[in-house]
Amino acid sequence: MTSRLLAVALLAAIYLLTLGSLDLWDLGAGLLVGAAIAIGLRRFLFAGEPLPARVLAARTIHLPLYVLAVGWEVVRGTWQVALIVAGLRPLRRPGIVAVPIGERSPTGVAVSVLAITLSPGELYVDTDEARGTMLIHVLDADDPDAVRDRFQRFYDRFQRKVFP
């Protein structure tokens, strides 16, 4: 029950952030929309065992740092693409790099793919489940090991604590 109320509250908060409003009527509408989404998607949102409160609290504490790290990757990628488009940096060797899935859960893979694709200059191509890799197109695939290391460091430092 607590997880459902938390989901409704978080969905309402997202609604208010989207509107940019703290009006009482908007809060009421956000709670109604959040409740409707939570009820409509209950099988998806609440499948399986609920997380223990301490795990949920730890993930919530680490979430802002993860969001900032993803934001920084977007800024870094935007800068890299801007330099290439402006002709200030050459387009060295674009290509596809196979990044190991490693210990990522299915949710962790989905979140990794979303974060990778948000950053300009990087694009998720496919998942090769037989090999246990995600195929990522990057602007500089000259050193594939460095690209794999960068994605693994990001996962270990920021994502694992929130979306393992």
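The structure under discussion appears in the preceding block.
The shown structure was predicted, so the numbers you read here are calculated from the model rather than taken from an experiment.

## Notes on the overall build of the chain
And then number 1: On a plain count of helices and strands, the chain comes out with six helices and three strands.
And then number 2: For the chain, the sequential pattern of α-helices and β-strands runs α-α-α-α-β-α-β-β-α.
And then number 3: Residues counted as buried form 27% of the 164 residues belonging to the chain.
And then number 4: If you take every contact in the chain between residues at least 6 apart in sequence, the share linking residues at least 24 apart comes to 68%.
And then number 5: Carbon together with sulfur atoms contributes 67% to the accessible area of the chain, which is approximately 10,900 Å² in total.

## Quick look at the environment of S21
And then number 1: Tracing the chain through its elements places S21 in the loop between helix 1 (2-19) and helix 2 (24-40).
And then number 2: Owing to a relative accessible area of 17%, S21 belongs among the buried residues under this scheme.
And then number 3: Taking the C-alpha atoms as reference points, S21 and V75, separated by 54 residues in sequence, lie 27 Å from one another.
And then number 4: Setting aside chain neighbours within four positions, we find S21 in contact with L16 and D26.
And then number 5: A distance of 2.5 Å separates the side chain of S21 from the side chain of D26, its partner in a polar contact.

## Some remarks on helix 5 (residues 106-118)
And then number 1: For helix 5, with 13 residues, the first-to-last C-alpha span of 19 Å sits near the 18 Å given by 1.5 Å per residue.
And then number 2: Among all positions in helix 5, only G108, V109, V111, S112, V113, A115 and I116 are buried.

## Quick word on the nonpolar core
And then number 1: Counting twelve residues, the largest nonpolar core is built from V97, V99, I101, V109, V113, I116, M134, I136, V138, A141, V147 and F151.
And then number 2: Counting only elements with at least two residues in this core, the list comes to strand 1 (95-100), helix 5, strand 3 (133-138) and helix 6 (144-159).
And then number 3: Membership of the second largest hydrophobic core comes to eight residues, among which are A69, V70, F158 and V162.

## Considerations on helix 6
And then number 1: Across its 16 residues, helix 6 extends 21 Å between first and last C-alpha, which sits within 8% of the 22 Å expected from 1.5 Å per residue.
And then number 2: Along helix 6, the positions that sit buried rather than exposed are V147, F151, F154, Y155, F158 and Q159. Down the axis of helix 6, the buried set is contained in an arc of 110 degrees. They therefore lie on one face. Among the exposed residues of helix 6, those oriented more than 90 degrees off its buried face are R153 and R157.
And then number 3: Packing partners of the buried residues in helix 6 comprise helix 4 (53-85), strand 1, helix 5, strand 2 (122-128) and strand 3.

## Here we look at a nonpolar patch on the surface
And then number 1: Taken together, L6, L10, L51 and L56 make up a surface patch of nonpolar side chains, about 320 Å² in accessible area.
And then number 2: Looking at the element boundaries, L6 is found in helix 1.

## Some remarks on the pairing of strand 3
And then number 1: Strand direction decides the pairing type here: strand 1 and strand 3, joined by six bridges, are antiparallel. Bridging across to strand 3, V99 finds its partner in M134.
And then number 2: Judged from the six bridges that link them, strand 2 and strand 3 form a sheet pairing that is antiparallel. Among the inter-strand pairings, T127 is bridged to a residue of strand 3, identified as M134.
And then number 3: The turn linking strand 2 back onto strand 3 is made up of four residues, and G132 within it adopts a positive phi angle of 70 degrees.

Parameters and conventions
- Residues numbered from 1 in each chain as written.
- Predicted model: local features only at pLDDT ≥ 70, side-chain atom pairs only at ≥ 80, totals over all residues.
- Heavy atoms only, no water.
- Helix = DSSP H or I, 4+ residues; strand = E, 2+ residues; numbered from the N terminus.
- Buried < 20%, exposed > 50% of the residue type's maximum accessible area, 1.4 Å probe, protein only.
- Contact = heavy atoms within 4.5 Å.
- Areas by Shrake-Rupley, 256 points an atom, 1.4 Å probe, with all protein chains shown as cover.
- Polar contact = N/O pair within 3.5 Å; in protein donor to acceptor, adjacent residues only side chain to side chain.
- Expected span 1.5 Å × (residues − 1).
- Core = buried A, V, L, I, M, F, W, Y, C linked by side-chain atoms within 4.5 Å.
- Arc of directions from axis to C-beta.
- Patch = residues over 30% accessible without salt bridge, like charges linked within 9 Å, V, L, I, M, F, W, Y side chains within 5 Å.
- Salt bridge = Lys/Arg side-chain N within 4 Å of Asp/Glu carboxyl O.
- Pairing = 2+ DSSP bridges.

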